[in-house]
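Geometric and topological summary
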Amino acid sequence: MSPPPAESATSLVDVRDVRVQFRGRGRQGGKRPLITAVDGVDLRIARGETLGLVGESGCGKSTLGRAMIGLRDLASGSVVFDGHAISSGTSRRMRNLRRRMQIVFQDPTGSLNPRMTVGATIAEPIRAFGLRSGREVEARVAELLVQVGLDAGMAHRYPHEFSGGQCQRVAIARALAAEPEFIVCDEPISALDVSIQAQILNLLVGLRDELSLTLLFISHDLAVVRRISTRIAVMYLGNIVEIGDRQSLYAHPAHPYTSALLSSVPIPDPTIERGRTRVLLKGDLPSPESPPAGCVFHTRCWKFQALDQPDVCRTARPPITNVGDGQAVACHFPLTADTARSGSSPR
C-alpha cells in the first residue's frame, strides 16, 4: 500500500515502486555484488509541498532524490513528473522536463566549476533552455544574485573568492535560473557552518513561498527537517519505514526507528532533557549487499527485543499501512502514543 499523498493538492511527483541498484567494488564468484540502494519505494509529493526525507548516512536518501530527477537509472519502477514518466519520452519532452526539475547539492564548492565565473555558471541554464537572450541574460543573472542575497556585482568573481555559504547561494541561484517547479535539496546546509545554516534554510523557505516551489528536502537533521517540511518520510536501508504530517510524526512516532531518531534530538530545556527516555540503537546500519530478511530494521529494533523476537519480524517484510492522523508505517507492531519511547518530542 502506498503512503498517503498530501490531501489538498495534486501530486507533482509520483514515485512508484522504485528500485535503484549498483554493482559493488568487491567480487563474489567473479562478479561484483549487486547493491540495492533504493528498494521498492512509493512516494507522492504534492504540488507546492515540501517533503522532508530523513535517515542515517548510507540509507539511500540521496540516491532516491537523484532518481526522482533522472540522475540515476532505475532498476525497476517508475517516476512520474506532472503526468510524464521520467525514464521515457522524446528527447524534446525530456529536455523540457529537466528544466522543470533541478537540484542543489550538498557540497557547495564541489558543485561549481572553478574555471567559470559565478555569472557564467548562473547564465548557463538560462542560455541552454533559451529562457533569455542577449543582454537579458546578464540582467537575469543580476536579478538572481540579488534574490539569493548576494550583490549583483559579484557575477564576475570565481567560486574560490566566495565563502561556503555564498557558494551555496550561487548554487541555489543556478537552480532557480532554469525556472523550475521542483527542486531536490540534497543536504544543502550540512556542509556549512552552524551560523550560516539558519540563513540558507530561511532563504530556501522564503524562495519556496515566493516562487511556489515544490521541494524534496534531504537531511539527517530532524530539527532542520521539521522547520521546512510539510510532511516527513523516514528512510532506512533503502526503504520508507514511516511517512506522515510533521506534527503527527514528531508528536507520536509510529515506527521504532523514528522513535530512536527523535530521542537523539536534544531539547533546549534541561528539565525535560534530563527526564526523557533515550533510545540507543545497537550496531551499525546493515550492508545493502546483504540486507536482513523480513523487516530490515529488526536487527537493531528495540521493540523486536522487548517482544521476545517474534518470528514475523524475521521472515515477513511489513507493508506500509495507514495508522491514522495522516501517518503510514512499515512495522508489524507499530507504536502508539503510550508505547513510543522517544520521550518528550522536540519543540
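To start, this report covers the structure provided alongside it. For clarity, every value in this text was computed on a predicted model and none was experimentally measured.

Section: the pattern of salt bridges
Per the counting criterion, the structure on display carries 15 salt bridges. Among the charged side chains, a network of salt bridges with common partners joins Arg 47, Asp 82, Arg 100 and Glu 181.

Some words on the nonpolar core
Within soluble globular proteins, side chains that are nonpolar tend to cluster in buried spots. Formed by 58 residues in total, the largest nonpolar core has its most connected members in Ile 122, Val 141, Val 148, Ile 172, Leu 176, Phe 217 and Val 234. The greatest single-element share of this core, amounting to eight residues, is contributed by helix α5 (residues 164–177). Filtering out sequence-adjacent residues up to four positions away, Val 141 remains in contact with Gly 119, Ile 122, Ala 123, Ile 126 and Ala 155. Judged by nonpolar contacts, the second largest core, of 34 residues, contains Val 20, Cys 59, Ile 103 and Phe 182.

Details of the sheet that holds strand β9 (residues 231–236)
Read from one edge to the other, the open sheet built from eight strands follows the order β6-β7-β8-β3-β9-β10-β12-β11, with strand pairing classed as mixed. This sheet does not close on itself; its edge strands, each paired only once, are β6 (101–104) and β11 (321–324). For this sheet the average axis-to-axis angle between neighbouring strands, irrespective of direction, equals 20 degrees.

As for unusual backbone geometry
Unusually for a residue other than glycine, Asp 17 sits at a positive phi of about 50 degrees. Tracing the sequence through the fold places Asp 17 in strand β1 (residues 11–23). Owing to a relative accessible area of 39%, Asp 17 belongs among the partly exposed residues under this scheme. In this model, Glu 179 sits at a positive phi of 55 degrees, which is unusual for a non-glycine residue.

Regarding the sheet that holds β1
As a general point, the strands of a sheet are linked pairwise by backbone hydrogen bonds and lie either parallel or antiparallel. The sheet built from four strands is open, its strands ordered β2-β1-β4-β5 with antiparallel pairing. Two strands close off the open sheet at either side, each with one partner strand: β2 (34–46) and β5 (84–85). Bridging between strand β4 (residues 76–81) and β5 involves two bridges; their strand directions are antiparallel. Bridge pairing in β5 places Val 80 opposite Ala 85. Here helix α1 (residues 61–68) sits on the sheet in contact with β1, β2 and β4, set at roughly 60 degrees to β2.

Observations regarding the packing of aromatic side chains
Overall, the coordinates contain four aromatic pairs when judged by the stated rule. A ring pair is formed by Tyr 236 and Tyr 257, whose centres lie 4.8 Å apart and whose planes are at 65 degrees; its orientation type is edge-to-face. Residue Tyr 236 is located in strand β9, and its partner Tyr 257 is located in helix α9 (residues 256–263); the two are separated by 21 residues in the primary sequence. Accessibility expressed as a relative area gives 0% for Tyr 236, which makes it buried. Overall, the relative accessible area of 0% leaves Tyr 257 in the buried class. By the ring-pair criterion, three or more aromatic residues cluster together here, those being Tyr 236, Tyr 257 and Phe 297.

Topic: the environment of Ala 152
Within the element layout of this structure, Ala 152 appears in the loop between α4 (135–147) and α5. Residue class for Ala 152 comes out partly exposed when judged on its relative accessible area of 31%. Not counting the four nearest positions on each side in its chain, Ala 152 is found in contact with Ala 142, Leu 145 and Val 146.

Remarks on the side chain of Asn 239
In this fold, Asn 239 is placed in strand β10 (residues 239–245). For Asn 239, a relative accessible area of 5% corresponds to the buried category. Here the side chain of Asn 239 touches Leu 237 through a polar contact of 2.8 Å, landing on its backbone oxygen. Ignoring any residue separated from it by four or fewer positions in sequence, one finds Asn 239 in contact with Asp 39, Val 234, Val 296 and Arg 317.

A closer look at the pairing of β9
A large share of β9 lies buried, amounting to six of its six residues. Residues Arg 231, Ala 233 and Met 235 line one face of β9 and the alternating positions Ile 232, Val 234 and Tyr 236 line the opposite face, and both faces are buried. Where strand β3 (residues 50–54) meets β9, four bridges bridge the pair, whose relative direction is parallel. Following the sheet pairing, Val 54 is matched in β9 by Val 234. Of the pairings in the sheet, the one linking β9 to β10 comprises six bridges and is antiparallel in character. The residue bridging Met 235 from the neighbouring strand is Ile 240, located in β10. Connecting the antiparallel pair β9 and β10 is a turn made up of two residues, with Leu 237 showing a positive phi of about 50 degrees.

The rules behind these values
- Residues numbered from 1 in each chain as written.
- Predicted model: local features only at pLDDT ≥ 70, side-chain atom pairs only at ≥ 80, totals over all residues.
- Heavy atoms only, no water.
- Salt bridge = Lys/Arg side-chain N within 4 Å of Asp/Glu carboxyl O.
- Core = buried A, V, L, I, M, F, W, Y, C linked by side-chain atoms within 4.5 Å.
- Buried < 20%, exposed > 50% of the residue type's maximum accessible area, 1.4 Å probe, protein only.
- Helix = DSSP H or I, 4+ residues; strand = E, 2+ residues; numbered from the N terminus.
- Contact = heavy atoms within 4.5 Å.
- Pairing = 2+ DSSP bridges.
- Axes fitted to C-alpha atoms, helices over the stretch in contact; angles between N-to-C directions.
- Phe/Tyr/Trp six-rings, centres within 6.5 Å; stacked < 30°, edge-to-face > 60°.
- Polar contact = N/O pair within 3.5 Å; in protein donor to acceptor, adjacent residues only side chain to side chain.

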